[in-house]
Amino acid sequence: MSLLDKHKEIFKTEKPMIGCVHLMALPGTPYYDPNVSFSEHVERAVKEAKALQEGGFDAIIFANEGDRPYEFEVGSEIVAAYTRIATEVLQHVTIPYGCGILIDPYATLAVAKAIDAKFVRTYVSGTYADMFGFHDFSPADIFRYQKKIDAEDVHIYSYFDAHAGTSLDNRSQLDMIDCAFGSLPISGVLVPGQRAGLAPDLDEVARIKAKYPDKPIMIASGVREENVKKALEISNGFVIGTALKREGVLWNEVSPERVKRFVEKARG
(Lines give C-alpha, C1' and ligand atoms only; values in the text may rest on other atoms or scores of the structure.)
Protein backbone atom coordinates (compact mmCIF):
# COMPACT_ATOMS: atom_id res chain seq x y z
CA MET A 1 0.00 0.00 0.00
CA SER A 2 1.35 3.43 -0.92
CA LEU A 3 1.83 6.17 1.67
CA LEU A 4 -1.05 8.12 0.14
CA ASP A 5 -3.31 5.07 0.39
CA LYS A 6 -2.33 4.66 4.05
CA HIS A 7 -2.94 8.38 4.59
CA LYS A 8 -6.47 8.04 3.22
CA GLU A 9 -7.06 4.92 5.29
CA ILE A 10 -6.02 6.71 8.52
CA PHE A 11 -8.13 9.80 7.98
CA LYS A 12 -10.97 8.41 5.83
CA THR A 13 -10.34 11.22 3.38
CA GLU A 14 -7.56 12.35 1.04
CA LYS A 15 -7.11 15.83 2.52
CA PRO A 16 -7.94 15.79 6.23
CA MET A 17 -8.64 18.88 8.24
CA ILE A 18 -7.15 18.10 11.65
CA GLY A 19 -8.18 20.31 14.57
CA CYS A 20 -6.06 20.76 17.68
CA VAL A 21 -7.30 19.99 21.17
CA HIS A 22 -4.81 22.00 23.21
CA LEU A 23 -4.54 20.87 26.81
CA MET A 24 -4.23 23.48 29.52
CA ALA A 25 -0.87 23.71 31.31
CA LEU A 26 -0.12 20.43 33.08
CA PRO A 27 1.41 19.91 36.57
CA GLY A 28 4.95 21.17 37.05
CA THR A 29 4.94 23.61 34.13
CA PRO A 30 5.21 27.41 34.52
CA TYR A 31 1.61 28.21 33.59
CA TYR A 32 0.02 25.35 35.53
CA ASP A 33 -2.87 26.48 37.73
CA PRO A 34 -3.26 24.22 40.80
CA ASN A 35 -6.75 25.61 41.30
CA VAL A 36 -7.92 23.92 38.10
CA SER A 37 -8.96 20.33 38.82
CA PHE A 38 -8.33 17.41 36.49
CA SER A 39 -12.08 17.22 35.98
CA GLU A 40 -11.97 20.80 34.66
CA HIS A 41 -9.04 19.92 32.39
CA VAL A 42 -11.09 17.08 30.97
CA GLU A 43 -14.25 19.17 30.68
CA ARG A 44 -12.55 21.82 28.58
CA ALA A 45 -10.86 19.26 26.33
CA VAL A 46 -14.14 17.41 25.82
CA LYS A 47 -15.85 20.65 24.77
CA GLU A 48 -13.09 21.38 22.27
CA ALA A 49 -13.11 17.86 20.83
CA LYS A 50 -16.89 17.96 20.46
CA ALA A 51 -16.80 21.40 18.83
CA LEU A 52 -14.33 20.14 16.22
CA GLN A 53 -16.06 16.81 15.68
CA GLU A 54 -19.58 18.22 15.46
CA GLY A 55 -18.33 21.13 13.36
CA GLY A 56 -17.16 18.84 10.57
CA PHE A 57 -13.46 18.29 11.14
CA ASP A 58 -12.01 15.03 9.85
CA ALA A 59 -9.71 14.36 12.82
CA ILE A 60 -8.36 15.83 16.03
CA ILE A 61 -4.92 15.88 17.56
CA PHE A 62 -4.11 16.37 21.23
CA ALA A 63 -1.23 18.67 22.16
CA ASN A 64 0.19 19.96 25.46
CA GLU A 65 0.42 23.46 24.03
CA GLY A 66 -0.09 25.00 27.46
CA ASP A 67 3.20 23.59 28.79
CA ARG A 68 5.34 26.36 27.34
CA PRO A 69 8.30 26.76 27.38
CA TYR A 70 8.62 23.22 26.06
CA GLU A 71 10.97 20.47 27.16
CA PHE A 72 12.91 18.02 25.03
CA GLU A 73 12.36 15.26 27.59
CA VAL A 74 9.13 15.61 29.53
CA GLY A 75 8.66 14.15 33.00
CA SER A 76 6.45 11.24 33.97
CA GLU A 77 3.96 13.72 35.47
CA ILE A 78 3.29 15.10 31.98
CA VAL A 79 2.85 11.65 30.44
CA ALA A 80 0.51 10.62 33.26
CA ALA A 81 -1.64 13.77 33.16
CA TYR A 82 -1.79 13.88 29.36
CA THR A 83 -2.79 10.22 29.13
CA ARG A 84 -5.51 10.56 31.75
CA ILE A 85 -7.07 13.60 30.08
CA ALA A 86 -6.90 12.16 26.56
CA THR A 87 -8.34 8.82 27.68
CA GLU A 88 -11.37 10.48 29.25
CA VAL A 89 -11.91 12.76 26.25
CA LEU A 90 -11.76 9.83 23.82
CA GLN A 91 -14.96 8.42 25.26
CA HIS A 92 -16.65 11.19 23.26
CA VAL A 93 -14.59 10.95 20.04
CA THR A 94 -15.66 9.03 16.95
CA ILE A 95 -13.29 10.51 14.35
CA PRO A 96 -9.58 9.67 13.86
CA TYR A 97 -7.26 11.12 16.49
CA GLY A 98 -3.58 11.58 17.11
CA CYS A 99 -1.24 13.12 19.66
CA GLY A 100 1.97 15.03 20.12
CA ILE A 101 3.93 15.92 23.24
CA LEU A 102 6.13 18.98 22.86
CA ILE A 103 8.99 18.47 22.09
CA ASP A 104 9.53 14.82 22.99
CA PRO A 105 9.16 12.13 20.31
CA TYR A 106 9.63 9.29 22.82
CA ALA A 107 6.81 10.47 25.08
CA THR A 108 4.70 11.12 21.98
CA LEU A 109 5.08 7.54 20.80
CA ALA A 110 4.53 6.11 24.29
CA VAL A 111 1.28 8.01 24.76
CA ALA A 112 0.13 7.18 21.23
CA LYS A 113 0.62 3.51 22.02
CA ALA A 114 -1.31 3.84 25.29
CA ILE A 115 -4.32 5.64 23.80
CA ASP A 116 -4.39 3.77 20.46
CA ALA A 117 -3.65 6.89 18.44
CA LYS A 118 -2.92 6.04 14.82
CA PHE A 119 -0.88 9.12 13.99
CA VAL A 120 1.48 11.56 15.68
CA ARG A 121 3.22 14.80 14.80
CA THR A 122 6.78 15.19 16.00
CA TYR A 123 10.40 15.73 15.02
CA VAL A 124 12.47 12.66 14.25
CA SER A 125 15.55 14.19 12.65
CA GLY A 126 17.62 17.36 12.61
CA THR A 127 19.55 19.72 14.88
CA TYR A 128 17.95 23.01 15.90
CA ALA A 129 18.62 26.20 17.82
CA ASP A 130 15.44 27.90 18.90
CA MET A 131 13.74 29.78 21.72
CA PHE A 132 13.60 26.56 23.78
CA GLY A 133 17.31 25.84 23.49
CA PHE A 134 19.63 23.64 21.45
CA HIS A 135 18.44 20.17 20.58
CA ASP A 136 18.90 17.39 18.09
CA PHE A 137 16.91 14.31 17.20
CA SER A 138 18.34 10.87 16.46
CA PRO A 139 16.14 8.99 14.01
CA ALA A 140 18.05 5.77 14.69
CA ASP A 141 17.13 5.93 18.37
CA ILE A 142 13.55 7.16 17.83
CA PHE A 143 12.57 4.49 15.33
CA ARG A 144 14.24 1.77 17.38
CA TYR A 145 12.19 2.96 20.35
CA GLN A 146 9.05 2.82 18.23
CA LYS A 147 9.83 -0.80 17.38
CA LYS A 148 10.78 -1.64 20.97
CA ILE A 149 7.35 -0.62 22.29
CA ASP A 150 5.53 -2.27 19.38
CA ALA A 151 4.17 1.04 18.11
CA GLU A 152 4.89 0.47 14.44
CA ASP A 153 1.20 0.94 13.64
CA VAL A 154 1.53 4.56 14.82
CA HIS A 155 2.03 6.70 11.73
CA ILE A 156 4.64 9.41 12.16
CA TYR A 157 4.17 12.75 10.40
CA SER A 158 7.37 14.69 10.85
CA TYR A 159 8.71 18.22 10.52
CA PHE A 160 11.90 18.98 8.62
CA ASP A 161 12.08 22.70 9.30
CA ALA A 162 12.37 24.63 12.55
CA HIS A 163 9.28 25.91 14.31
CA ALA A 164 10.20 28.99 16.39
CA GLY A 165 13.87 28.63 15.55
CA THR A 166 16.39 27.67 12.91
CA SER A 167 17.82 24.42 11.60
CA LEU A 168 21.59 23.98 11.76
CA ASP A 169 21.34 21.85 8.62
CA ASN A 170 21.88 24.37 5.83
CA ARG A 171 20.26 22.26 3.15
CA SER A 172 16.88 23.30 1.82
CA GLN A 173 13.79 21.77 3.38
CA LEU A 174 13.16 20.06 0.04
CA ASP A 175 16.56 18.39 0.14
CA MET A 176 16.04 17.19 3.71
CA ILE A 177 12.65 15.77 2.82
CA ASP A 178 14.21 14.01 -0.15
CA CYS A 179 16.64 12.22 2.15
CA ALA A 180 13.91 11.51 4.71
CA PHE A 181 11.64 9.69 2.31
CA GLY A 182 14.62 7.65 1.17
CA SER A 183 15.81 6.52 4.60
CA LEU A 184 13.19 7.05 7.33
CA PRO A 185 9.95 5.10 7.91
CA ILE A 186 7.80 8.21 8.12
CA SER A 187 4.20 8.35 6.92
CA GLY A 188 4.23 11.96 5.80
CA VAL A 189 5.70 15.44 6.12
CA LEU A 190 4.45 18.47 8.05
CA VAL A 191 5.50 21.88 6.74
CA PRO A 192 5.40 24.49 9.54
CA GLY A 193 5.39 28.23 9.68
CA GLN A 194 7.86 30.08 11.89
CA ARG A 195 5.51 29.82 14.88
CA ALA A 196 1.99 28.77 15.78
CA GLY A 197 -0.57 30.71 13.78
CA LEU A 198 1.83 31.60 10.96
CA ALA A 199 1.62 29.79 7.64
CA PRO A 200 4.67 28.49 5.82
CA ASP A 201 5.47 29.80 2.36
CA LEU A 202 2.60 28.21 0.45
CA ASP A 203 4.57 28.39 -2.78
CA GLU A 204 7.25 26.26 -1.10
CA VAL A 205 4.58 23.80 0.02
CA ALA A 206 3.39 23.60 -3.58
CA ARG A 207 6.94 22.89 -4.79
CA ILE A 208 7.38 20.14 -2.20
CA LYS A 209 4.06 18.58 -3.18
CA ALA A 210 4.92 18.81 -6.88
CA LYS A 211 8.14 16.87 -6.23
CA TYR A 212 6.29 14.25 -4.16
CA PRO A 213 2.86 13.77 -5.74
CA ASP A 214 2.67 10.26 -4.26
CA LYS A 215 3.59 11.26 -0.66
CA PRO A 216 1.48 12.94 2.05
CA ILE A 217 2.54 16.56 2.48
CA MET A 218 0.54 18.48 5.10
CA ILE A 219 0.60 22.07 6.33
CA ALA A 220 1.34 22.30 10.05
CA SER A 221 0.28 25.84 10.95
CA GLY A 222 -1.23 29.09 9.76
CA VAL A 223 -4.21 27.84 7.78
CA ARG A 224 -7.16 30.20 8.15
CA GLU A 225 -10.31 31.18 6.29
CA GLU A 226 -8.40 33.41 3.89
CA ASN A 227 -6.01 30.73 2.65
CA VAL A 228 -7.81 27.43 3.30
CA LYS A 229 -8.85 26.95 -0.33
CA LYS A 230 -5.27 27.24 -1.54
CA ALA A 231 -4.03 25.09 1.33
CA LEU A 232 -6.33 22.26 0.27
CA GLU A 233 -5.33 22.65 -3.38
CA ILE A 234 -1.59 22.29 -2.78
CA SER A 235 -1.40 19.81 0.10
CA ASN A 236 -2.75 16.58 1.52
CA GLY A 237 -4.42 18.30 4.45
CA PHE A 238 -3.46 20.40 7.43
CA VAL A 239 -3.34 20.81 11.19
CA ILE A 240 -5.06 23.91 12.56
CA GLY A 241 -5.29 25.47 16.00
CA THR A 242 -5.01 29.24 16.38
CA ALA A 243 -7.59 30.29 13.77
CA LEU A 244 -10.28 28.26 15.56
CA LYS A 245 -9.72 29.80 18.98
CA ARG A 246 -11.85 32.48 20.57
CA GLU A 247 -10.60 35.86 19.29
CA GLY A 248 -7.93 33.98 17.32
CA VAL A 249 -5.73 33.68 20.42
CA LEU A 250 -3.81 30.41 20.68
CA TRP A 251 -4.31 29.96 24.44
CA ASN A 252 -8.08 30.48 24.35
CA GLU A 253 -10.61 27.70 23.98
CA VAL A 254 -11.93 26.51 20.62
CA SER A 255 -14.82 28.63 19.36
CA PRO A 256 -17.69 26.55 17.88
CA GLU A 257 -18.68 29.58 15.79
CA ARG A 258 -15.20 29.87 14.29
CA VAL A 259 -15.16 26.13 13.62
CA LYS A 260 -18.49 26.30 11.79
CA ARG A 261 -17.46 29.33 9.73
CA PHE A 262 -14.10 27.78 8.85
CA VAL A 263 -15.61 24.47 7.72
CA GLU A 264 -18.21 26.28 5.61
CA LYS A 265 -15.41 28.26 3.95
CA ALA A 266 -13.28 25.15 3.38
CA ARG A 267 -16.04 22.98 1.99
CA GLY A 268 -18.14 25.64 0.32
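Residues numbered from 1 in each chain as written. Predicted model: local features only at pLDDT ≥ 70, side-chain atom pairs only at ≥ 80, totals over all residues. Heavy atoms only, no water.

1. A look at the packing of helix α6 (residues 173-183) against helix α7 (residues 202-211)
And then number 1: Running from N to C, α6 and α7 point in directions that differ by 30°, and their axes come no closer than 11 Å. Considered as vectors, α6 and α7 are oriented roughly parallel to each other. Remark: the crossing between α6 and α7 carries right-handed chirality. Contact with α6, carried on its side by Gln173, Leu174, Ile177 and Asp178, involves Glu204, Ile208 and Lys211 of α7 and no other residues of that element.
And then number 2: Residues of the contact of α6 with α7, tallied by class, amount to three nonpolar, one polar and three charged. (Axes fitted to C-alpha atoms, helices over the stretch in contact; angles between N-to-C directions. Helix = DSSP H or I, 4+ residues; strand = E, 2+ residues; numbered from the N terminus. Parallel < 35°, antiparallel > 145°, perpendicular 65-115°, else oblique. Left-handed = near helix turned anticlockwise from the far one by under 90°. Contact = heavy atoms within 4.5 Å. Nonpolar A, V, L, I, M, F, W, Y, C, P; charged D, E, K, R; others polar.)

2. Regarding the pattern of salt bridges
And then number 1: Inspection of the entire model under this criterion finds 16 salt bridges.
And then number 2: Note that aspartate 150 and lysine 113 form a salt bridge whose closest N and O atoms lie 3.7 Å from each other. Pair noted here: aspartate 150 is in the loop between α5 (139-148) and β7 (155-159) and lysine 113 is in helix α4 (residues 105-115), with a separation of 37 residues, a long-range link.
And then number 3: A relative accessible area of 33% places lysine 113 in the partly exposed class.
And then number 4: When the shortest N-O distance is used, the salt bridge between arginine 261 and glutamate 225 registers 2.7 Å. Residue arginine 261 is found in helix α9 (residues 256-267), and its partner glutamate 225 is found in the loop between β10 (217-219) and α8 (228-234); the two are separated by 36 residues along the sequence.
And then number 5: Given the relative accessible area of 23%, glutamate 225 is considered partly exposed.
And then number 6: The structure contains a network of salt bridges with shared partners spanning Arg246, Glu247 and Glu253. (Salt bridge = Lys/Arg side-chain N within 4 Å of Asp/Glu carboxyl O. Buried < 20%, exposed > 50% of the residue type's maximum accessible area, 1.4 Å probe, protein only.)

3. Some thoughts on the pairing of strand β6 (residues 133-137)
Across a regular strand the side chains alternate sides, sitting on one face of the sheet and then on the other.
And then number 1: Where strand β5 (residues 126-130) meets β6, five bridges bridge the pair, whose relative direction is antiparallel. Each residue of the ladder has a partner; that of aspartate 130, found in β6, is glycine 133.
And then number 2: From the end of β5 to the start of β6, which pair antiparallel, there are two residues. (Pairing = 2+ DSSP bridges.)

4. Structural notes on the nonpolar core
And then number 1: With 87 residues, the main nonpolar core has Phe57, Ile60, Phe62, Cys99, Ile186, Phe238 and Phe262 as its most contacted residues.
And then number 2: Residues contacting isoleucine 186, with those up to four places away along its chain left out, are Leu3, Val124, Phe143, Ile156, Ser158, Phe160, Ala180 and Phe181. (Core = buried A, V, L, I, M, F, W, Y, C linked by side-chain atoms within 4.5 Å.)

5. A look at the layout of surface pockets
And then number 1: Here the largest pocket defines a volume of roughly 740 Å³.
And then number 2: Glu65, His163, Arg195, Ala196 and Leu250 are the residues nearest the centre of the largest pocket, which is lined by 44 residues in total.
And then number 3: Of all elements in the fold, only β1 (17-22), β4 (119-122), β5, β11 (238-240) and α9 reach the threshold of two or more residues within the lining of the largest pocket.
And then number 4: Looking at which element gives the most residues to the lining of the largest pocket, the answer is α9, with three residues.
And then number 5: Classifying every residue of the lining of the largest pocket by side-chain character gives 23 nonpolar, ten polar and eleven charged. (1 Å grid on protein atoms, 1.4 Å probe; cavity = no way out; pocket = protein on both sides within 12 Å on 5 of 7 lines; lining within 4 Å. Points joined across faces, edges and corners; volume = space filled by probe spheres on them.)

6. So, the sheet that holds strand β8 (residues 165-167)
And then number 1: Strand order across the open sheet formed by three strands is β6-β5-β8, with antiparallel pairing between neighbours. Only two strands of the sheet have a single neighbouring strand rather than two, namely β6 and β8. When the angles between neighbouring strand axes are averaged without regard to direction, this sheet yields 20°.

7. Structural notes on the packing of helix α3 (residues 76-89) against α4
Packed helices, taken two at a time, are described by the angle between their axes plus the distance between the axes.
And then number 1: Their axes nearest at 10 Å, the elements α3 and α4 cross at an angle of 35°. Where α3 crosses over α4, the two elements pack in a sense that is right-handed. In contact with Val79, Tyr82, Thr83, Ala86 and Thr87 of α3, α4 contributes Ala107, Val111, Ala114 and Ile115.
And then number 2: Residue composition of the contact of α3 with α4, by class: seven nonpolar, two polar and no charged.

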